[in-house]
Amino acid sequence: MSETIITIRGFVATEITSSTTPGGVATASFRLGSTARRFDQASKTWGDGHTNWFTVQGYRNLAGTLGCSIRKGQPVIVVGKLKIRTWEKDGRVYHSTIIDADAVGHDLSFGSANFIRTASRPALSLVEQPPSPEDAPVQDPALDEPEDHEDGHPDDHGPAALVIEDNDGELASLDLDTGELAEV
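Note that the structure is a prediction, hence the values are computed from the model and not measured.

## Quick notes on the overall build of the chain
Inference 1: From N to C terminus, the chain includes one helix and nine strands.
Inference 2: Its helices and strands in sequence order give the chain the pattern β-β-β-β-α-β-β-β-β-β, from N to C terminus.
Inference 3: Evaluated residue by residue, the chain yields a buried proportion of 19% over its 184 residues.
Inference 4: Excluding contacts between residues fewer than 6 apart, the proportion of contacts in the chain whose partners are at least 24 apart in sequence is 52%.

Next comes the structure, spelled out in C-alpha cells:
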C-alpha cells in the first residue's frame, strides 16, 4: 500500500496538545485550518474560500519541539502522511483528516523566525530519559560559583534570553519565551 504525502499551508487553530503513548513515545497534536483565497474579478477584491480542517500529529523529537516552537494563530507549513478516517454513529457517517507530520515549520511569507538546533533529544522533551553514567557532566568547581549581578536583585533574572549573532554579524538577544530578537 502506498502512502499519500502532502504539503499543507495554513494557520494553527488550537493550542498544542502533548501526551505520551502507553509505550512512552512523546506525541503532540494541533488543529490546522487551510483556507483558499480567491480573487473576485467583479469586485476586484480577494476573499476567503472554503476552509479545510486537519488534525496534525507529531511523534518523538518532533512532538517535543512542536510544543516549544508552534503557537495558536501562527502560519505553518506541514509535510506528512495523509490519513482519512471514517466511522458511523447514530446512522450518520463522519470523516476526519489526520496528517502524521514528518516536518512542521513556520510559513516565512508571513513573518520571520529563528531556528535553534536541538541536540539529539529536544531541550524540553516530554519524556525525560534517565541520564546514563557516561552522560554525566564532569563537575568543574569554578562552575559552582554564583554569577555576579551588577544591578538588580540577584534572584531577578528577567525573561529567559540567549545572545546570538544575526545575519549582519551583530549581536542580538533572543527572548526564549516569545522568540523575538532585540538588540544587545
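## Topic: the pattern of salt bridges
Side-chain pairs of opposite charge can arise whenever the charged atoms involved come near each other.
Inference 1: The tally for this structure, following the rule as stated, stands at four salt bridges.
Inference 2: Note that Asp107 and Arg9 form a salt bridge whose closest N and O atoms lie 2.8 Å from each other. With Asp107 in the loop between strand 6 (92–106) and strand 7 (161–165) and Arg9 in strand 1 (residues 5–12), the pair connects residues that are 98 residues apart, well separated along the chain.
Inference 3: Judged by relative accessible area, which is 7%, Asp107 ranks as buried.
Inference 4: You can call Arg9 partly exposed: its relative accessible area is 47%.
Inference 5: For Lys81, the salt bridge is made with Asp102, and the minimal N-O distance between the two is 2.9 Å.

## Side note on the packing of aromatic side chains
Inference 1: By the definition in use, this model includes three aromatic pairs.
Inference 2: Ring centres of Trp87 and Tyr94 lie 5.8 Å apart, and the angle between their planes is 15°; on these two criteria the pair is classed as stacked.
Inference 3: With relative accessibility at 29%, the residue Tyr94 sits in the partly exposed group.

## A few points about unusual backbone geometry
Across residues other than glycine, the phi torsion is negative in most instances, and most of the peptide bonds are trans.
Inference 1: Despite not being glycine, Lys44 has its phi angle at roughly 55°, a positive value.
Inference 2: A positive phi angle, near 55°, is found at Arg60, a position not held by glycine.
Inference 3: Relative to the helices and strands, Arg60 is located in the loop between strand 4 (45–59) and helix 1 (61–69).

## Notes on the side chain of Ser34
Inference 1: Relative to the elements of secondary structure, Ser34 occurs in strand 3 (residues 26–40).
Inference 2: At 2.8 Å, the side chain of Ser34 forms a polar contact with the backbone oxygen of Arg9.
Inference 3: Look past the residues within four positions of Ser34 in its chain and what remains in contact with it is Ile8, Arg9, Gly10, His50, Thr51, Asn52 and Phe54.

## Here we look at the confidence of the model for the chain
Inference 1: Summarising the model, the chain shows a mean pLDDT of 76, and 64% of its residues fall at 70 or more.
Inference 2: The least confident element of the chain is strand 7, whose mean pLDDT is 56; the most confident is strand 1, at 94.
Inference 3: Below a pLDDT of 50 lies the segment residues 121–129, which in the model reaches 17 contacts outside its immediate sequence neighbourhood of four places, other chains included.
Inference 4: Confidence over residues 140–157 falls short of pLDDT 50; this stretch has three contacts with residues more than four positions distant or in other chains.

Conventions used here
Residues numbered from 1 in each chain as written. Predicted model: local features only at pLDDT ≥ 70, side-chain atom pairs only at ≥ 80, totals over all residues. Heavy atoms only, no water. Helix = DSSP H or I, 4+ residues; strand = E, 2+ residues; numbered from the N terminus. Buried < 20%, exposed > 50% of the residue type's maximum accessible area, 1.4 Å probe, protein only. Contact = heavy atoms within 4.5 Å. Salt bridge = Lys/Arg side-chain N within 4 Å of Asp/Glu carboxyl O. Phe/Tyr/Trp six-rings, centres within 6.5 Å; stacked < 30°, edge-to-face > 60°. Polar contact = N/O pair within 3.5 Å; in protein donor to acceptor, adjacent residues only side chain to side chain. pLDDT = per-residue confidence, 0-100.

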